[in-house]
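Report on the structure
Listed below are the residues making up each chain.
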Amino acid sequence: MKKALVTGSAGFIGFHLSQKLLQEGFEVIGFDSHNDYYDVALKEGREQILKQSPTFKPVREKLETPNALRTLIGDEKPDVIVHLAGQAGVRYSIDNPQSYVEANLIGVFNLLEAVRATPCQHLLMASTSSAYGANSKMPYVETVKADHQMSFYAATKKANEAMAHSYAHLYDMPITMFRFFTVYGPWGRPDMALFKFTKAMLNGDPIGIYNHGKMMRDFSYIDDLVQGIRLLIDAVPQRPASEADISEHDSLSPVAPWRVVNIGNASPVQLMDFITALEDALGVEAKKNFMPMQAGDVPATWADTTLLSSLTGYAPSTPVKEGVKRFVDWYREFYT
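Fair warning: this is a prediction, and the values are worked out from it, not measured in the lab.

This part is about empty space enclosed by the protein. Under the criterion given, the structure shown has 1 cavity of 30 Å³ or more. Roughly 50 Å³ of volume is contained in the largest cavity. Along the walls of the largest cavity sit Phe12, Val183, Tyr184, Gly185, Gly188, Arg189, Met192, Leu194, Phe195 and Phe327, which together make up its complete lining. Taken together, the elements giving at least two residues each to the lining of the largest cavity come down to strand S7 (182–184) and helix H7 (193–203). Taken together, the residues that form the lining of the largest cavity break down as 7 nonpolar, 2 polar and 1 charged.

Rendered as structure tokens:
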């Protein structure tokens with residue numbers, strides 16, 4: 001039986017990935033601090049579902065706690081590590097940047113040191129589409145430079161990519177970074193637009209729409225995203241013999257077993273169309289409060305998924321209308 005360590009296992013993405021791995025016969029160690037960035041009841045609810053599996057082992061700890069990861073990884077010796085924990089959110093990073101230093105910088109350093117001490121077959125780490133920052137050429141391609149992040153959250157994630165590359169090069173650690181786009185679906189995060197919009201609309205409250213609705217997002221349904229991660233687990237990067245061995249569309253490093261991969265839907269949706277899909281699913285018309293652009297945000301995202309498809313043969317495809325309906329069905333069941 002293969003053993004996987006999933007950090008952030010009580011989080012939105014970590015929960016769904018852990019479920020999938022358990023269903024496929026993995027033994028899963030779930031590392032999560034259950035911090036109060038958002039409603040802890042959601043994290044507890046997710047973990048209770050995972051604990052129904054006899055091959056799930058929960059560990060309650062913080063990334064930044066000295067030696068916590070080093071001891072755990074040394075004792076458990078997982079075959080695969082998927083790092084999804086960390087401080088999320090573009091807007092929160094404006095108000096509380098210190099938490100991003102602790103979880104996203106110190107925490108990732110601790111993880112890399114732990115894997116250096118006890119190597120695994122493949123380390124996969126979450127990054128973000130926000131790393132593309134001020135880039136305006138779309139769709140976003142992994143091989144373009146991304147040097148102008150617009151938020152401190154994005155800056156910490158881009159730093160994680162660089163930190164991971166250095167360890168991959170120095171210690172021959174196979175590492176895949178994946179850049180997530182706007183992820184949504186059942187058991188989602190309350191700080192994300194779909195969750196906030198749904199709660200407000202059912203309460204009869206207005207929804208805040210940034211940039212006066214002139215926003216476009218590459219919405220990624222959670223099941224599609226998790227399938228992409230699962231397939232990438234088996235696509236272990238190898239240090240190339242020379243740059244000539246790297247294909248034109250591959251972000252594989254010329255000096256390390258390291259690459260970055262977009263996981264998106266490759267089909268951006270206008271924010272107002274997304275809201276229309278939610279109105280249809282809820283049977284409620286939104287009261288719209290149009291607002292200026294939020295600091296640190298970008299007007300559009302759009303993933304090029306050519307590399308993901310070439311590595312795994314997979315392309316996410318869940319239509320927004322269907323994905324939104326599934327979220328609404330879960331929300332009504334969970335909160336009523």
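What follows is about the packing of aromatic side chains. Two descriptors summarise a pair of aromatic rings, namely the distance from one centre to the other and the angle between the planes of the rings. Scanning the model with the defined rule gives 27 aromatic pairs in all. Seen from their ring centres, tryptophan 330 and phenylalanine 334 are 5.2 Å apart, and the 20 degrees between their planes marks the pair as stacked. Within this pair, tryptophan 330 and its partner phenylalanine 334 are both found in helix H11 (residues 320–335), separated by 4 residues, close to a single helical turn. In textbook terms, an aromatic cluster arises when at least three aromatic residues are bridged by ring pairs, as seen for Phe15, Trp187, Phe195, Phe327, Trp330, Tyr331, Phe334 and Tyr335. Against the face of tyrosine 38 rests lysine 43, its NZ or CZ located 4.5 Å from the ring centre. The positively charged end of arginine 179 is found above the aromatic ring belonging to tyrosine 132, 4.5 Å away from the centroid.

Two elements in contact, H7 and H11, have axes separated by 11 Å at closest approach and are oriented at 60 degrees. It follows from the interaxial angle that H7 and H11 lie oblique. Judged by the twist between their axes, the crossing of H7 over H11 is right-handed. Every residue of H11 that contacts H7 at Leu194, Phe195, Thr198, Lys199 and Leu202 is listed here: Val324, Phe327, Trp330, Tyr331, Arg332 and Tyr335.

On to the environment of isoleucine 13, then. Residue placement: isoleucine 13 occurs in helix H1 (residues 12–23). It is 7.3 Å that separates the C-alpha atoms of isoleucine 13 and valine 226, two residues lying 213 residues apart in sequence. Residues in contact with isoleucine 13, not counting those within four places in the same chain, are Leu84, Phe180, Val183, Ile222, Leu225, Val226 and Ile229.

Turning our attention to the sheet that holds strand S11 (residues 258–263). Read across the open sheet, the 7 strands follow the order S3-S2-S1-S4-S5-S6-S11; overall the sheet is parallel. Only two strands of the sheet have a single partner each, and these edge strands are strand S3 (56–60) and S11. Averaged over neighbouring strand pairs, the angle between their axes works out to 20 degrees when direction is ignored. The pairing of strand S6 (residues 175–180) with S11 spans 6 bridges and is classified as parallel.

In this section: the environment of tyrosine 335. Examined against the element boundaries, tyrosine 335 turns out to sit in helix H11. Residue class for tyrosine 335 comes out partly exposed when judged on its relative accessible area of 36%. In contact with tyrosine 335, other than residues within four places in its own chain, are Asp39, Leu42, Phe195 and Trp330.

Conventions and cut-offs
Residues numbered from 1 in each chain as written. Predicted model: local features only at pLDDT ≥ 70, side-chain atom pairs only at ≥ 80, totals over all residues. Heavy atoms only, no water. 1 Å grid on protein atoms, 1.4 Å probe; cavity = no way out; pocket = protein on both sides within 12 Å on 5 of 7 lines; lining within 4 Å. Points joined across faces, edges and corners; volume = space filled by probe spheres on them. Helix = DSSP H or I, 4+ residues; strand = E, 2+ residues; numbered from the N terminus. Nonpolar A, V, L, I, M, F, W, Y, C, P; charged D, E, K, R; others polar. Phe/Tyr/Trp six-rings, centres within 6.5 Å; stacked < 30°, edge-to-face > 60°. Lys NZ or Arg CZ within 6 Å of the ring centre and 35° of its normal. Axes fitted to C-alpha atoms, helices over the stretch in contact; angles between N-to-C directions. Parallel < 35°, antiparallel > 145°, perpendicular 65-115°, else oblique. Left-handed = near helix turned anticlockwise from the far one by under 90°. Contact = heavy atoms within 4.5 Å. Pairing = 2+ DSSP bridges. Buried < 20%, exposed > 50% of the residue type's maximum accessible area, 1.4 Å probe, protein only.

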